[in-house]
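Observations on the three-dimensional arrangement
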Amino acid sequence: MKTIRGGWYDRPQSTAQESHLQQDSWQGTLWLAPDFAILHGAAGATDSHAHYAHQLMLSTGAPFTAELDGIVHTARHLLVDSLRPHAILSAPAPLLTIYAEPQRLGGAALLAAAGSAGAPALDKLAAALQAQPRQQLADPRLLRALDQVDALLSGKVSAAAVAEG
């Protein structure tokens, strides 16, 4: 796995269920960068939850079904702002799922990157996200802390080390 400054982590797709991508776990390719990550692959159903990162889900094929704030949506793309309750109910086609640091990339930047990337593809989406302007952090201590984390993770990191963190 190559992390930070844009890198890959590959987990093979399940061959037992290639025609039906709804699975108990997420599988695919992970792109990591300093302020966003993109998971491309099969998405399993989730319980309702909320997390700090903004999340943008883009289908590469058939629409997926998700619940956002208690409302069910069937769509090809859905933006979930930071800390909003949501659940994935079904995803019959692979998704490109972006997780973004909300203090650096807002929802509008995620949608702009997705629009400029054209057809959903990992390389194009990663490049479009890297080209988006970043919001300035209000506290310079946060920027120094993030730079330090980036410096520590500039080499290869094992999947086991990531899972332990």
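Residues numbered from 1 in each chain as written. Predicted model: local features only at pLDDT ≥ 70, side-chain atom pairs only at ≥ 80, totals over all residues. Heavy atoms only, no water.

1. Here we look at the overall build of the protein chain
- In terms of regular secondary structure, the protein chain is built from four helices and nine strands.
- Mapped in sequence order, the helices and strands of the protein chain form the string β-β-β-β-β-β-β-β-β-α-α-α-α.
- When burial is assessed residue by residue, the protein chain has 41% of its 165 residues classed as buried.
- At a minimum sequence separation of 6, the contacts of the protein chain that also span at least 24 residues come to 61%.
- Within the structure as shown, the protein chain displays about 8,800 Å² of accessible surface, and the carbon and sulfur contribution to it stands at 58%. (Helix = DSSP H or I, 4+ residues; strand = E, 2+ residues; numbered from the N terminus. Buried < 20%, exposed > 50% of the residue type's maximum accessible area, 1.4 Å probe, protein only. Contact = heavy atoms within 4.5 Å. Areas by Shrake-Rupley, 256 points an atom, 1.4 Å probe, with all protein chains shown as cover.)

2. Focus: the packing of helix α1 (residues 107-117) against helix α2 (residues 122-131)
- The geometry of α1 relative to α2 is characterised by a closest axis approach of 8 Å and an angle of 135° between their N-to-C directions. On the basis of their axis angle, the class for α1 and α2 is oblique. By crossing handedness, the relation of α1 to α2 is classed as right-handed. Residue-level contacts link L110, A113, A114, S116 and A117 of α1 to K124, L125, A128 and L129 of α2.
- Residue composition of the contact of α1 with α2, by class: seven nonpolar, one polar and one charged. (Axes fitted to C-alpha atoms, helices over the stretch in contact; angles between N-to-C directions. Parallel < 35°, antiparallel > 145°, perpendicular 65-115°, else oblique. Left-handed = near helix turned anticlockwise from the far one by under 90°. Nonpolar A, V, L, I, M, F, W, Y, C, P; charged D, E, K, R; others polar.)

3. Notes on the pattern of salt bridges
- By the definition in use, this model includes four salt bridges.
- In this structure, the salt-bridge partner of R134 is D35, at a minimum N-O distance of 2.6 Å. Residue R134 is found in the loop between α2 and α3 (140-152), and its partner D35 is found in the loop between β2 (27-32) and β3 (36-42); the two are separated by 99 residues along the sequence.
- R134 sits in the partly exposed class, given a relative accessible area of 22%.
- Accessibility expressed as a relative area gives 11% for D35, which makes it buried.
- Close ionic contact of R84 with D81 constitutes a salt bridge, the shortest N to O distance being 3.8 Å.
- The exposure class of D81 is partly exposed, given its relative accessible area of 29%.
- Beyond isolated ion pairs, a larger network of salt bridges with shared partners links D69, D81 and R84. (Salt bridge = Lys/Arg side-chain N within 4 Å of Asp/Glu carboxyl O.)

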